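Architecture at a glance
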Amino acid sequence: MTLASAKNQRYQRITLIGFRGAGKTTLAKRLASLLNWRYISIDQLIEQESGIAIAELVKQKGWDTFRRIESEVIEKSAGERGIVIDCGGGVVERKENMRWLVPKSLVVWVDAPPEIIYRRLKEIGDRPLLNQKDLKADIVENYFRRLPFYRRYGMIRVDTAEQSVAEICEHILKKFKSA
Ligand code: S3P
């Protein structure tokens, strides 16, 4: 889809929210390539802005600094057109982030059951824990604490444990094009 045709659309962006390990990045990249839109990763922008990897940033400066930089990069990029935004799992925690992200955006909640998320994250092992000392407890506590936010902001929910990437993209694009 060209930028010119995107102009006539109700949605000028697709924003993917959801817990870490739910599958946002894979879907965002595929959607961007299907639409011929630009893929934007908020995590990558944070790393560019701070000059270090997220795990290191959190270790050195703490979560408050991470969240502040996260909000800054969201404010800067959220107004662009023709982009698929791959958000970190915690963007829903700050109201202002969602105030910048929601307008003109189809917000997709990418979900998966916590036990599947645990299996995936255990293998990757590069995400800093949010507040608990062990990965399972960290996922369970934060997943359920954030559920109301994901429910509130997600205009559609997709479950990556139930459907393939191709099926999910088809579903999202149908919704996007019918708007
Ligand atoms: C976070 C999720 C991460 C990253 C950071 C914080 C969170 O992104 O932004 O570690 O608060 O859930 P992913 O959801 O892409 O893993």
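Here's what I pulled together on the structure shown here. (Residues numbered from 1 in each chain as written. Predicted model: local features only at pLDDT ≥ 70, side-chain atom pairs only at ≥ 80, totals over all residues. Heavy atoms only, no water.)

1. Brief notes about the site of the ligand
Just so we agree on the cut-off: Note on terminology: near, applied to a residue and a molecule or strand, indicates that one of the residue's heavy atoms is within 4 Å of it. Under the rule applied, a polar contact is a pair of N or O atoms within 3.5 Å (in protein, one hydrogen donor and one hydrogen acceptor; residues adjacent in sequence only if both atoms are side-chain atoms). Throughout, the Shrake-Rupley method with a 1.4 Å probe supplies accessible areas, and for residues the shown protein chains are the sole cover considered. Of the two site types, the cavity is a set of points on a 1 Å grid over the protein atoms alone where a 1.4 Å probe fits but cannot get out, and the pocket is an open set with protein on both sides within 12 Å along at least five of seven lines, each lined by residues with an atom within 4 Å of a point. Pocket occupancy is defined atom-wise: a molecule lies in a cavity or pocket when more than half of its atoms are within 2 Å of its grid points. Under the scheme applied, nonpolar residues are Ala, Val, Leu, Ile, Met, Phe, Trp, Tyr, Cys and Pro; charged residues are Asp, Glu, Lys and Arg; polar residues are all the others, including Gly.
By nearness alone, 14 residues border the ligand, and Lys24, Asp43, Arg67, Arg127 and Arg146 come closest of all. For the ligand, an oxygen atom lies 2.7 Å from a polar atom in the side chain of Lys24. Arg67 is positioned such that a nitrogen or oxygen atom in its side chain is 2.6 Å from an oxygen atom of the ligand. For the ligand, whose free accessible area comes to 380 Å², the fraction covered by protein is 97%. Placement of the ligand is best described as lying within the largest pocket. Here the shell around the ligand is composed, by residue class, of five nonpolar, three polar and six charged.

2. Section: the packing of aromatic side chains
Operational definition: Between the rings of Phe, Tyr and Trp (Trp by its six-membered ring), a pair exists once the centres lie within 6.5 Å; its type follows the angle of the planes, with under 30 degrees stacked, over 60 edge-to-face, and the other angles tilted. Secondary structure elements follow DSSP: runs of H or I of four or more residues count as helices, runs of E of two or more count as strands, with numbering from the N terminus. In this scheme, a residue with accessible area under 20% of its type's maximum is buried, one over 50% is exposed, and one in between is partly exposed, where area comes from a 1.4 Å probe on protein chains only. Remark: a charge is flagged as sitting over a ring if the NZ atom of Lys or the CZ atom of Arg is within 6 Å of the ring centre and within 35 degrees of the ring normal.
Using the criterion set out here, one finds six aromatic pairs in the structure. With a centroid separation of 5.8 Å and an interplanar angle of 70°, the aromatic rings of Phe19 and Tyr143 are classed as edge-to-face. Linking Phe19 in the loop between β1 (13-17) and α2 (24-35) with Tyr143 in helix α8 (residues 135-153), this pair joins segments that are 124 residues apart in sequence. Assessed through its relative accessible area of 6%, Tyr143 is described here as buried. On the numbers, 5.1 Å between centres and 80° between planes, the contact of Tyr143 with Phe144 is edge-to-face. The rings of Tyr11, Trp37 and Phe176 are connected pair by pair, giving a single aromatic cluster. Note that Arg157 overlies the ring of Trp109, its terminal NZ or CZ placed 5.4 Å from the centroid.

3. Concerning the nonpolar core
A general trend in soluble globular proteins is that nonpolar side chains are found buried together. Note the following rule: Side-chain atoms within 4.5 Å link the members of a nonpolar core, which is a set of buried Ala, Val, Leu, Ile, Met, Phe, Trp, Tyr and Cys residues.
One finds Ile17, Ile42, Val91 and Leu101 to be the most contacted residues of the largest nonpolar core, which totals 31 residues. Those elements that place two or more of their residues in this core are α3 (42-50), α4 (54-61), α5 (63-77), β3 (83-86), α6 (95-101), β4 (105-111), α7 (114-124) and α8. Considering each element in turn, this core owes the most residues, five residues, to α8. Val110, Ile156, Ile168 and Phe176 belong to the second-largest nonpolar core, a separate cluster that totals 21 residues.

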